[in-house]
Amino acid sequence: MGYVMAKNIADSKDTKKRVKEMLEKLKGRDFRITPQRYAVLNILAENKDHPDVDQIYNKVKTQFPTTSIATVYKTVALLKEQGEVLELGFHNCNNRYDGNKPYPHSHVICTKCKKMMDPELSTLDELSSEMSQKTGYKIDSHRLDFFGLCPDCQKKG
Ligand SMILES: [Zn+2]
Ligand SMILES: [Zn+2]
């Protein structure tokens, strides 16, 4: 029953596709898929708000109360190792995770409520090649974050 419940989280086509890709990558690894781990994959693939480990843990726990936070850490670490989740570290808050777009992309983070968004920026590729031209570096990753107040927090004043 729990397994079916976890499966229902994968509502969008995109989420299902990502979970499938993650499972493919984990197949060769010593990774036994359990309903709890499946739920972790779903939450990461769905990526509602770039959750941190605590948020993932709390979500999984509502369905599977016996889940341990170690399970969440281990699953995230394994996915990170396989390049299937992007880890975003910040000096003033917990690491956040994006399992929907596991490749480098830029984010905007609300300094008040920590909400994070990642719209596609049309100029990001240009920026990367400009950096390469100016420095001679062969760029294979980047990190570009924007900080400010989200519309909701602006309204609240
Ligand atoms: Zn905000
Ligand atoms: Zn993202």
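In every chain, residue numbers begin from 1 and rise along the written sequence. Written order decides the labels, with chains lettered from A and ligands numbered from 1. Local features in this predicted model are restricted to residues whose pLDDT is 70 or higher, and side-chain atom pairs enter the listing and the counts only when it is 80 or higher, whereas totals over whole chains, interfaces and linings include all residues.

Focus: the sheet that holds strand E3 (residues 107-110)
And then number 1: Spatial strand order, E4-E3-E5: three strands in an open sheet with mixed pairing. Bordering the open sheet on either side are strand E4 (116-117) and strand E5 (145-148), each of which pairs with just one other strand.
And then number 2: By the bridge criterion, two bridges tie E3 to E4 in an arrangement that is antiparallel. Across the sheet, residue Ile-109 finds its bridge partner in E4, namely Met-116. Being paired, for any two strands, means DSSP has found at least two bridges between them. Secondary structure follows DSSP: runs of H or I at least 4 residues long count as helices, runs of E at least 2 residues long count as strands, and numbering of each begins at the N terminus.

Considerations on the pairing of E3
And then number 1: Here E3 runs beside E5; their pairing, made up of four bridges, is parallel. Residue pairing across strands places His-107 opposite Asp-145, the latter belonging to E5.
And then number 2: Counting the residues in the hairpin turn of E3 and E4 gives five residues, including Lys-114, whose phi is positive at 65°.

What about the confidence of the model for the protein chain?
And then number 1: What pLDDT reports is the predictor's confidence in each residue, on a scale of 0 through 100. Scored by pLDDT, the protein chain has a mean of 89; 92% of the residues are at 70 or more.
And then number 2: By the convention adopted here, residues make contact when the C-beta atoms placed from their backbones lie within 7 Å. Ignoring residues within four places in sequence, the model shows residues 1-11, a span with pLDDT below 50, making 18 contacts including any to other chains.

Section: the packing of helix H3 (residues 35-46) against helix H5 (residues 69-81)
And then number 1: For every element, the axis is a line fit to its C-alpha atoms; helices are fit only across the contacting stretch, and the angle between N-to-C directions ranges from 0 to 180 degrees. The geometry of H3 relative to H5 is characterised by a closest axis approach of 10 Å and an angle of 55° between their N-to-C directions. Put simply, H3 runs oblique to H5. As for the relative orientation of H3 and H5, their crossing is right-handed in sense. Here H3 contributes Gln-36, Arg-37, Val-40 and Leu-44 to the contact with H5, which in turn contributes Thr-71, Val-72, Thr-75 and Leu-79.
And then number 2: For the contact of H3 with H5, a count of residues per class yields four nonpolar, three polar and one charged. Comment on the angle field: the value is read as roughly parallel under 35 degrees, roughly antiparallel over 145, roughly perpendicular from 65 to 115, and oblique elsewhere. Each crossing gets its hand from how the near helix is turned against the far one by less than a right angle, where anticlockwise is left-handed and clockwise is right-handed. Think of it as three bins: nonpolar holds Ala, Val, Leu, Ile, Met, Phe, Trp, Tyr, Cys and Pro, charged holds Asp, Glu, Lys and Arg, and polar takes everything else, Gly as well.

Focus: unusual backbone geometry
And then number 1: Despite not being glycine, His-50 shows a phi value in the positive range, around 40°.
And then number 2: Tracing the chain through its elements places His-50 in the loop between H3 and helix H4 (53-63).
And then number 3: Unusually for a residue other than glycine, Lys-114 sits at a positive phi of about 65°.

Here's the deal with the domain arrangement of the protein chain
And then number 1: Segmentation of the chain into domains, including their bounds, is taken from an automatic or database domain assignment. Taken domain by domain, the protein chain consists of domain 1 (2-98) and domain 2 (107-156).
And then number 2: Centre-to-centre, using C-alpha coordinates, domain 1 lies 24 Å away from domain 2.
And then number 3: Opposite the five residues of domain 1 that make contact, domain 2 presents four residues.
And then number 4: Considered class by class, the residues forming the side of domain 1 that touches domain 2 number two nonpolar, one polar and two charged.

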